[in-house]
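An overview of the molecular structure
As a plain string of letters, each chain reads:
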Amino acid sequence: MSKKGFLAIWCDIRAEDLSDYRQWIIKEHMADRIFSPGFLGARFCTDIADEKSHFFLYMTKDKNVFKNAPYLHILNNPSQWTNRLMPKFGPFDRALGEQLMKIGNGFGAFMMVARIKDASDVDLESLQKTLTAFMTMPDVVTVRLMKLDRTATDIESQEKTMRRGREGDFHYLLVVETLSDGGALNAQSHLKEILSKSFPKAEKSDASVRQVIYGETPLEGSTA
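Here we summarise the structure given alongside this text.

The rules behind each value
Residues numbered from 1 in each chain as written. Predicted model: local features only at pLDDT ≥ 70, side-chain atom pairs only at ≥ 80, totals over all residues. Heavy atoms only, no water. Helix = DSSP H or I, 4+ residues; strand = E, 2+ residues; numbered from the N terminus. Rg over C-alpha atoms; globule rule 2.2 N^0.38 Å. Buried < 20%, exposed > 50% of the residue type's maximum accessible area, 1.4 Å probe, protein only. Contact = heavy atoms within 4.5 Å. Lys, Arg positive; Asp, Glu negative; His and termini not counted. Charge placed at Lys NZ, Arg CZ, Asp CG, Glu CD. Core = buried A, V, L, I, M, F, W, Y, C linked by side-chain atoms within 4.5 Å. Phe/Tyr/Trp six-rings, centres within 6.5 Å; stacked < 30°, edge-to-face > 60°. Lys NZ or Arg CZ within 6 Å of the ring centre and 35° of its normal. Salt bridge = Lys/Arg side-chain N within 4 Å of Asp/Glu carboxyl O. Pairing = 2+ DSSP bridges. Axes fitted to C-alpha atoms, helices over the stretch in contact; angles between N-to-C directions.

Bringing the overall build of the protein chain into the picture now. Counting its secondary structure elements, the protein chain contains seven helices and eight strands. Over its C-alpha trace the protein chain gives a radius of gyration of 17 Å, about what one expects of a compact globule, namely 17 Å for 224 residues. Based on the C-alpha atoms only, the size of the protein chain along its principal axes is roughly 45 × 35 × 35 Å. Residues counted as buried form 49% of the 224 residues belonging to the protein chain. Pairs at least 24 residues apart make up 85% of the contacts formed inside the protein chain by residues separated by at least 6 positions. Charged side chains in the protein chain number 30 positive and 30 negative. The centres of these two groups are separated by 2 Å.

For the rest of this paragraph, the subject is unusual backbone geometry. Here D139, not a glycine, exhibits a phi torsion of approximately 70 degrees, which is positive. On the secondary structure map, D139 appears in the loop between α4 (124-131) and β6 (140-148).

Before going further, it helps to spend a moment on the nonpolar core. Counting residues in each nonpolar core, the largest one holds 26 residues, and the members touching the most others are Y21, F56, Y58 and F89. Contributions of two or more residues to this core are made by β1 (5-12), α1 (18-34), β2 (39-47), β3 (50-60), α2 (69-76) and β4 (92-104). The greatest single-element share of this core, amounting to six residues, is contributed by α1. Not counting chain neighbours up to four residues away, the residues in contact with F89 comprise C11, D12, I13, Y21, W24, R163 and R164. Among the nonpolar cores identified, the runner-up in size contains 24 residues, and A114, L131, V140 and V209 belong to it.

This paragraph deals with the packing of aromatic side chains. The tally for this structure, following the rule as stated, stands at 14 aromatic pairs. Aromatic pair Y21 and F89: ring centres 5.8 Å apart, planes at 90 degrees, arrangement edge-to-face. Taken as a pair, Y21 in helix α1 and F89 in the loop between α3 (80-85) and β4 lie far apart in primary sequence, 68 residues in all. For F89, a relative accessible area of 6% corresponds to the buried category. The rings of Y21, W24, F39, F44, F56, Y58, F66, Y71, F89 and F92 are connected pair by pair, giving a single aromatic cluster. A cation over a ring is seen here: R115 above W10, with NZ or CZ 4.5 Å from the ring centre.

This part covers the pattern of salt bridges. Tallied over the full model, the rule gives 19 salt bridges. Ionic pairing is found between R144 and E177, a salt bridge with its closest N-O pair at 2.7 Å. With R144 in strand β6 and E177 in strand β7 (residues 172-178), this residue pair connects regions lying 33 residues apart in the sequence. Comparing R144 with E177, the two get one shared label, buried.

Once that is clear, we can look at the sheet that holds β3. In spatial order, the strands read β1-β3-β2-β8-β5-β7-β6-β4; together these eight strands close into a barrel with antiparallel pairing. Averaged over all adjacent pairs, the angle separating strand axes in this sheet is 35 degrees, with direction ignored. Strand direction decides the pairing type here: β4 and β6, joined by seven bridges, are antiparallel. Across the sheet, the residue bridging to E98 is K147, located in β6. Across the face of the sheet, α1 comes into contact with β1, β2, β3 and β8 (204-216) while running at roughly 0 degrees to β3.

Once that is clear, we can look at the pairing of β2. In terms of residue burial, β2 counts as a mostly covered element, since eight of its nine residues are buried. Summarising the sheet, β2 and β3 pair through eight bridges and their orientation is antiparallel. Within the sheet, the bridge partner assigned to F44 lies in β3 and is F56. Counting the residues in the hairpin turn of β2 and β3 gives two residues.

What follows is the structure, given as structure tokens:
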């Protein structure tokens, strides 16, 4: 069975554009992708310390979805709304790839999200053993480890011309899903210790705690 694909986005927006940005997300941007072939669902989150800082996590049937014509058509044919908003984005990052492992079941209301830069070879069996430590912590429901695919992340598109900087300057994405903000903050407090065992050769990492505020799945069907 092929591994599921992922698309992760970090995006900040100015306070004066926040309302317009969120309306664009829930009325156009996410639906354009979710109802495209191969997409399984998406969640839209805000940083618990800054409502203007957002994180998206999309899942697909596999990572090849991101190289297929329907998704590329979306990227190269942005709407007027997208053309107006995207140049206003603040700090932005985006990465595509595949989910290597999932420990636990279900979805949490909060996420501890960590980007890990480590180009060395890793052993998945050993990784699973060390990352399972998160599952013993209060309110943790699921741990996901994903690996960035450089070829998919670096595909040029019309949308990308409206953004600045290199995207996906890391190798792995770790997401720990929890029932509470306290659970996610606790997982974050143990991150350095667990990463020292999981990714001892990591060049750098960063982490944030996010609250899920919106989600979509194609199983619901579109009402537009």
